[in-house]
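The chain contents come next:
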Amino acid sequence: MDKLEDMASVYEFDPLTGNIPATKVEITVSLCVLYTQGAETKQWREFGRTEVIDNTLNPDFVRKYILDYFFEEKQNLRFDFRLEKPLGVPEGTVQSLESRTDPPEGIPGKNCGTIILSAEELGNCRDSATMQFCANKLDKKDFFGKSDPFMVFYRSNEDGTFTICHKTEVVKNTLNPVWQPFTIPVRALCNGDYDRTIKVEVYDWDRDGSHDFIGEFTTSYRELARGQSQFNVYEVVNPKKKMKKKKYVNSGTVTLLSFSVESESTFLDYIKGGNFWFAVQFSGNPSQSTSLHYMNPYQMNAYALALKAVGEIIQDYDSDKMFPALGFGAKLPPDGRVSHEFPLNGNIENPYCNGIEGILEAYHQSLKTVQLYGPTNFAPVVNHVARYAAAVQDGSQYFVLLIITDGVISDMSQTKEAIVNAAKLPMSIIIVGVGQAEFDAMVELDGDDIRISSRGKLAERDIVQFVPFRDYMDRTGNHVLSMARLAKDVLAEIPDQFISYMKSRGIKPNPAPPPYTPPGHTHHTQI
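Note that the structure is a prediction, hence the values are computed from the model and not measured. (Residues numbered from 1 in each chain as written. Predicted model: local features only at pLDDT ≥ 70, side-chain atom pairs only at ≥ 80, totals over all residues. Heavy atoms only, no water.)

A. Main features of the side chain of Thr168. Its location among the elements puts Thr168 in the loop between β9 (162–167) and β10 (182–185). The exposure class assigned to Thr168 is buried, which follows from its relative accessible area of 10%. Of the polar contacts made by the side chain of Thr168, one reaches the backbone nitrogen of Met151; its length is 2.8 Å. A distance of 3.4 Å separates the side chain of Thr168 from the side chain of Trp179, its partner in a polar contact. Setting aside its immediate chain neighbours within four residues, Thr168 contacts Phe150, Met151, Phe153, Trp179 and Phe182. (Helix = DSSP H or I, 4+ residues; strand = E, 2+ residues; numbered from the N terminus. Buried < 20%, exposed > 50% of the residue type's maximum accessible area, 1.4 Å probe, protein only. Polar contact = N/O pair within 3.5 Å; in protein donor to acceptor, adjacent residues only side chain to side chain. Contact = heavy atoms within 4.5 Å.)

B. A look at the sheet that holds strand β18 (residues 337–339). Pairing within the open sheet is antiparallel, and its three strands lie in the order β18-β17-β21. The sheet terminates laterally at β18 and β21 (371–372), the two strands that pair on one side only. (Pairing = 2+ DSSP bridges.)

C. Structural detail: the packing of aromatic side chains. Following the criterion strictly, the structure yields 16 aromatic pairs and no others. Their ring planes at 50° and their centres at 5.3 Å tell us that Phe439 and Phe466 sit as a pair that is tilted. Taken together, the residues span a long stretch of sequence, with Phe439 in the loop between β23 (427–433) and α9 (440–446) and Phe466 in strand β26 (residues 464–468) at a distance of 27 residues. Phe466 shares its class with Phe439; the two are buried. It is Lys199 that lies over the ring of Phe162; its NZ or CZ is 4.5 Å from the centre. (Phe/Tyr/Trp six-rings, centres within 6.5 Å; stacked < 30°, edge-to-face > 60°. Lys NZ or Arg CZ within 6 Å of the ring centre and 35° of its normal.)

D. Here's a closer look at the nonpolar core. By size, the foremost hydrophobic cluster in this structure holds 49 residues, and its most contacted members are Phe282, Leu344, Ile359, Tyr363, Phe469 and Leu486. Considering each element in turn, this core owes the most residues, nine residues, to helix α5 (residues 302–314). Val392, Leu401, Met412 and Ile452 belong to the second largest nonpolar core, which has 35 residues in total. (Core = buried A, V, L, I, M, F, W, Y, C linked by side-chain atoms within 4.5 Å.)

E. Representation of the environment of Asn377. Relative to the elements of secondary structure, Asn377 occurs in the loop between β21 and α7 (379–390). You can call Asn377 buried: its relative accessible area is 16%. Side-chain polar atoms of Asn377 contact the side chain of His340, separated by 3.3 Å.

F. View of the sheet that holds β10. Pairing in this open sheet of four strands is antiparallel, and the strands run β10-β7-β14-β13 from one edge to the other. In this open sheet, the two edge strands, each paired with only one partner strand, are β10 and β13 (233–235). Across the sheet, the axes of successive neighbouring strands diverge by a mean angle of 35°, strand direction being ignored. Two elements, strand β7 (residues 127–136) and β10, share four bridges in a ladder whose sense is antiparallel. Bridge assignment links Ala129 to a residue of β10, and that residue is Ile184. (Axes fitted to C-alpha atoms, helices over the stretch in contact; angles between N-to-C directions.)

G. Up close: the pairing of strand β11 (residues 197–204). The element β11 is largely enclosed, with a buried count of seven among its eight residues. Here seven bridges tie strand β8 (residues 149–156) to β11, and the two strands are oriented antiparallel to one another. Along β11, the bridge assignment pairs Phe150 with Tyr203. Relative to strand β12 (residues 212–220), β11 runs antiparallel, the two being bridged by eight bridges. When the bridges of β12 are listed, Asp204 appears paired with Asp212.

H. Molecular detail of the side chain of Thr255. Here Thr255 is to be found in strand β14 (residues 253–263). The class for Thr255 is buried, based on a relative accessible area of 19%.

I. Structural context of α7. Between its first and last C-alpha, α7 extends 16 Å over twelve residues, near the 16 Å set by a 1.5 Å rise per residue. Every buried residue belonging to α7 is among Ala379, Pro380, Val381, Val382, His384, Val385, Ala386 and Ala389, and all of these are buried. Those residues of α7 that are buried are in contact with β15 (275–281), β16 (322–328), β22 (399–405), α8 (412–422) and β23. (Expected span 1.5 Å × (residues − 1).)

J. Highlighting unusual backbone geometry. The step from Pro333 to Pro334 runs through a cis peptide bond, and the omega angle for that step is 0°. For Asn173, which is not a glycine, the phi torsion comes out positive at approximately 55°. Along the chain, Asn173 falls in the loop between β9 and β10. Positive phi values are uncommon outside glycine, yet Arg455 reaches one of about 55°. Mapped onto the fold, Arg455 is located in the loop between β24 (453–454) and β25 (457–458).

K. Fine view of the packing of α5 against helix α6 (residues 355–369). Close contact between α5 and α6 brings their axes to 10 Å; oriented N to C, the two are set at 160°. Between α5 and α6, the angle falls in the class roughly antiparallel. Helix-helix and strand crossings are classified by hand; for α5 and α6 the assignment is right-handed. In this structure, α5 uses Tyr303, Ala304, Leu307, Lys308, Gly311 and Glu312 to contact α6, whose residues at the interface are Ile356, Glu357, Ile359, Leu360, Tyr363 and His364. Here the residues of the contact of α5 with α6 are counted per class, giving seven nonpolar, two polar and three charged. (Parallel < 35°, antiparallel > 145°, perpendicular 65-115°, else oblique. Left-handed = near helix turned anticlockwise from the far one by under 90°. Nonpolar A, V, L, I, M, F, W, Y, C, P; charged D, E, K, R; others polar.)

Treat this as a map of the structure, not an account of what it does.
This is the structure we're talking about:
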C-alpha cells in the first residue's frame, strides 16, 4: 500500500466530500468483507462485501471496493473471510468473523492464507461500454458432452499485473457459445486508458470449481471500440498447447458482435435545486440536563448541533435555502393533542424556514411552546413527505427527508411499510442518530445488509442512509471533528439513490425547477 503515499499531490475535489483533498482508489482483495474504522470512536463498521465464490480456496473477486483515500489521515482497514469452516489470525491479517457489526478477534497464531491487495487511483471517465461476444470451434474439454464455456476479463495494472473486472455467464454444452450482452464501466475495464491491455481468458466450467483453461487473447478498449469488424476476431490461444504441438493453431476464436458506449449521468447532472425536508424527534424533558433537548444557555444541545452541522452540508444543494421543517412526538397547544407531523415554526400554511438559522430558531421556539411527549412514530413524517413526492414523478423534483432522532421508535412495522412504499417515489431518507443509545432499529431501516421489507413486499430500492452523529464528534461531544467526513457520509448514498430512480424511469437531466415563492404569490410551493 506504500504506492498510495505517492498520490498525495494528485487529488480531486468532490462536491459531495466538502472540498477535502481526497482521491478515489479501488481495492482488490481476495476475501469477502471490508471494515473501516471511525477516526475517533475506533469502532469497526462494515463498508462492503464481495460476491460469494463457491468451491475454491483461491477466490478472485470481480466486485471491488471503491473508497475515498484521504492523504492526511491514517485509514485503518480490516478484512474478513467468510468460509464454511471458521478460521482466522491476529488483527491486521486474515480473520474469520461471525456476522456482526464489530468483527471479533480471529484465532491467535492461526495462519489461514495470504491476502493479495492492490490499489489504483481511479480516473474520472464516466462512460459505460456495452458489448456482446460469441465464440467458434472452442476446444472440447468434457468427456461426456461438449464444453460449458465462459469468459473472464482482466484489466492490466500499472505494475504489469492483471485484475479481474468481469465474468460472463456460462453457456452450457456448446463449442460455439453466444454470450449475453453486458455493460461495464470503462473505468473498470481500462481506467480510462484506451490503449491499456485487456486480457480475456476462456474457461470450461466445472461444477467442483476446477474450471478447465481453454485459452486466452488480449485486446484494448481502443480496439474494441472499432465494433464488429475483422479486427475484432480473436484467436483463443493456449500457451502450453502451443509450446507442445508444432501444428497447433488455436483453441477456437472469439468474435465481438456489438459494441456501444454511453456516458453515465451523475448526481450533479440531475440536481439543479434540492427539495430537502427536516424532521426532529421530540422526546424527553428539555429542562433536565441529561436530556438531548436540554436548553443549555451556554452551548448547543445534541439536536441543535446535529441540525446545524448536517444542515450546513445540505443547504448547498438547495438553491433558495428555504426548508420545510417538521417535529414529531409532542403535545401541541392549546388542546394538548399529540402530533407526529407538526411545523416547527407553528405555521401550518407555510412550514418553510429561512436557512439553517431559521430552522434552529423554529426548533428552539418549539421547545418552549410544545410538550415533549411521545410515542415517537416515524411513519407519519415519512408518509407526509411521500405524498408530495408522489405528486411529482417526472424527474423535476427529488425529495430528501432528514430525520434527527435519538433512536427510539414506536411504530417500526408502520415505518417499514412507509419506507417500502416511498421506495417507488423520487425520495430518499437520511436518519441522523444523536446520543449514545443503541441504534439497532435505525441500522435495520438503513437496509445496507438486508433490503427492508413489509408484509412480504421488498423495497424497490434502498432509500435510507443512517449516520450516527457521535462518530464525528470529539470526546466532549461539543465539536465536530471533521465536517468534510460528516458531509461525505451524510450524502454518501443519495447520489446513487437519486440516479437509480431517474434511470429506472428513463428520466434524463432536467433544467432547474422554479425558485421558491412564498404563499400568497402566483406560484404554489411543494407544501
